[in-house]
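# Tertiary structure, described
The primary structure of each chain is shown beneath.
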Amino acid sequence: WAILEMPTDNMHTTGYFAIGGMSELNNMAFSQSNPLLAAFWLNTYNGIFRANSVLANIDNPVDYKVNQKEQFVGEAKFMRALFYFDLVRMFGGVPKVTSLLSIDVAKTVTKASEDEIYALIIEDLKDAVDKLPTKTGIAKGRASKGAAIALLSKVYVYRKDWANAKIYLDMMPAHGYQLLPAFADLWKLDKEDNNEVIFAMKYTGGTNGHTLSSDFIPYFGVAGIAPAGNENAFPSWSLHKLYQTDDTRKTATITEYWKSPAGPPAAPAIWYPYISKYAVAHTQNSSGLDLPVIRYADVVLLNAEVLYRLNKPDLALVELNKVRERAFGGTARNYTLADIATLETFMDKLLLERQLEFAFENERWYDLVRTDRFMTVLKQVEMGYNNATQTPQVVNLSPQPYHKYFPIPQTEIEKSNGALVQNDGYN
């Protein structure tokens, strides 16, 4: 989130943050020395290495159960594709590594083109679709055939290959995914295993947990959630003001008033908006809330986008309104064809729904870049908001065309002895 949400109009830093490199991302001062980018690159290639290790050694065991070997190949290729999809969207062309390399050889690998990386992603996902079982035939938390189909359709949308995207989107209904009736249920511990989540990272609180439930809540904690929080980021007013009062996504995403658990019981709550999408009861910095990576709501909105691009605005409207109806509990706030009369007005509505639906789920940066809107949207952002004076904190930023890609970490360039070339604009 520090890389993919912090530079956007969704969130901003607080006075408590202590994560190195986050302030620079908040100000769009992207640097090849940023430790968060370096950690992301390293961890993602570690994941690719593990996937490659599975594939390199897949023929060694001789005691597979029926279809188990094919499943493992499918899982490894799904994960490799997922890792590369993040890398290519963040950095553009990156080293393409599909086998186990010695250290000396690894230092000589140059960047492949974006087209080459996308070709690998598509090839891996098509194989994963062929080999993976459906969600009923595999444990939750593992990649299923439906997950591979959903991700492949999303890849084709990013490639603006609307026809192929539609082929795979049309496969999704047969796999039994659907929108939960209540948006807030997506962020409850007892509703984690539901029919909207297509692929998620599974966690166990206290023993194998994550920090996200602590990262955004106030430093002095929230009653019933945790006695202390990290308060690393606040929701930006640019996002906050977009939620209509009767949009159920608002209260499930942002809590506006807060009172200290240690304060007097009769003390009134104060205006202190914080991100509460992941705020479940948890051991500090070890939450057990599963984190969705792909939700069916994403598939629905991708389908709307593809249908509009294929000159079917009436059908696109139906898909767009599905998330709208869930958010407002009925059709009163539905869009009409007049609201999406042109491609530009349709994209306005689509990106608005994506922003409100997926706030703090690491989609906003990608959406702004892939639609070429980051240069205009991020030029001026309303970060904080003074409720007493009803005035926002307006911050001017300086997005540049080359910011569509992050810089390759300098540590990786140095390790390669110059084989890796820095992205344009960062030299």
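First things first, this report covers the structure right here in the doc. Keep in mind that what you see is a predicted model, and the values were worked out from it rather than measured.

## Let's talk about the overall build of the protein
When you go through the protein residue by residue, the secondary structure sums to 16 helices and eight strands. Taken against the 2.2 N^0.38 rule, which gives 22 Å for 427 residues, the C-alpha radius of gyration of the protein at 22 Å falls within 12% of a compact globule. Projected onto its principal axes, the C-alpha coordinates of the protein cover approximately 65 × 50 × 45 Å. Residue burial in the protein is summarised as follows: out of 427 residues, 53% are buried. The long-range share in the protein, meaning contacts at least 24 apart out of those at least 6 apart in sequence, stands at 67%. Total accessible area on the protein is roughly 18500 Å²; 53% of this is exposed by carbon and sulfur atoms.

## Topic: the environment of leucine 351
Mapping leucine 351 onto the fold places it in helix α13 (residues 343-357). For the pair formed by leucine 351 and alanine 304, sequence separation is 47 residues and the distance between their alpha carbons is 11 Å. Filtering out sequence-adjacent residues up to four positions away, leucine 351 remains in contact with Arg364, Asp367, Thr371 and Arg373.

## Some thoughts on the pattern of salt bridges
Evaluated as defined, the whole model comprises 36 salt bridges. Counted as one network, the salt bridges with shared partners bring together Glu196, Asp247, Arg249, Lys277, Arg295, Arg324, Arg326, Glu353, Glu357 and Glu361.

## Things to note about the packing of helix α12 (residues 313-328) against α13
Where α12 meets α13, the axes come as close as 11 Å, and the angle between the chain directions of the two elements is 30°. When the axis of α12 is compared with that of α13, the two are roughly parallel. Classified by chirality, the crossing of α13 by α12 is left-handed. On α13, the residues touching Ala316, Leu320, Val323, Arg324 and Arg326 of α12 are Phe346, Lys349, Leu350, Glu353 and Glu357. Within the contact of α12 with α13, the residues separate by chemical class into five nonpolar, no polar and five charged.

## What about the nonpolar core?
One finds Phe78, Tyr84, Ile121 and Phe406 to be the most contacted residues of the largest nonpolar core, which totals 114 residues. With residues near it in sequence (within four places) discarded, phenylalanine 78 still touches Leu125, Ala128, Leu132, Ala143, Ala147, Ala148, Leu151, Phe199 and Ile294. Grouped together as the second largest cluster of nonpolar side chains are seven residues, Ile217, Val222, Ile225 and Ala279 included.

## Side note on the pairing of strand β8 (residues 391-396)
Summarising the sheet, strand β7 (residues 380-386) and β8 pair through five bridges and their orientation is antiparallel. Residue glutamine 380 lies in a different strand from β8, and its bridge partner there is asparagine 396. Between β7 and β8, which pair antiparallel in sequence order, lie four residues; one of them, glutamine 390, sits at a positive phi of approximately 60°.

## Quick look at the environment of isoleucine 217
Mapping isoleucine 217 onto the fold places it in the loop between α8 (212-215) and β3 (233-235). In this structure isoleucine 217 comes out as buried when scored by relative accessible area, which is 1%. Contacts of isoleucine 217, omitting those with residues within four sequence positions, involve Val222, Ile225, Ala226, Ala228, Gly229, Asn230, Glu231, Tyr274, Ile275, Ala279 and His282.

Analysis parameters
Residues numbered from 1 in each chain as written. Predicted model: local features only at pLDDT ≥ 70, side-chain atom pairs only at ≥ 80, totals over all residues. Heavy atoms only, no water. Helix = DSSP H or I, 4+ residues; strand = E, 2+ residues; numbered from the N terminus. Rg over C-alpha atoms; globule rule 2.2 N^0.38 Å. Buried < 20%, exposed > 50% of the residue type's maximum accessible area, 1.4 Å probe, protein only. Contact = heavy atoms within 4.5 Å. Areas by Shrake-Rupley, 256 points an atom, 1.4 Å probe, with all protein chains shown as cover. Salt bridge = Lys/Arg side-chain N within 4 Å of Asp/Glu carboxyl O. Axes fitted to C-alpha atoms, helices over the stretch in contact; angles between N-to-C directions. Parallel < 35°, antiparallel > 145°, perpendicular 65-115°, else oblique. Left-handed = near helix turned anticlockwise from the far one by under 90°. Nonpolar A, V, L, I, M, F, W, Y, C, P; charged D, E, K, R; others polar. Core = buried A, V, L, I, M, F, W, Y, C linked by side-chain atoms within 4.5 Å. Pairing = 2+ DSSP bridges.

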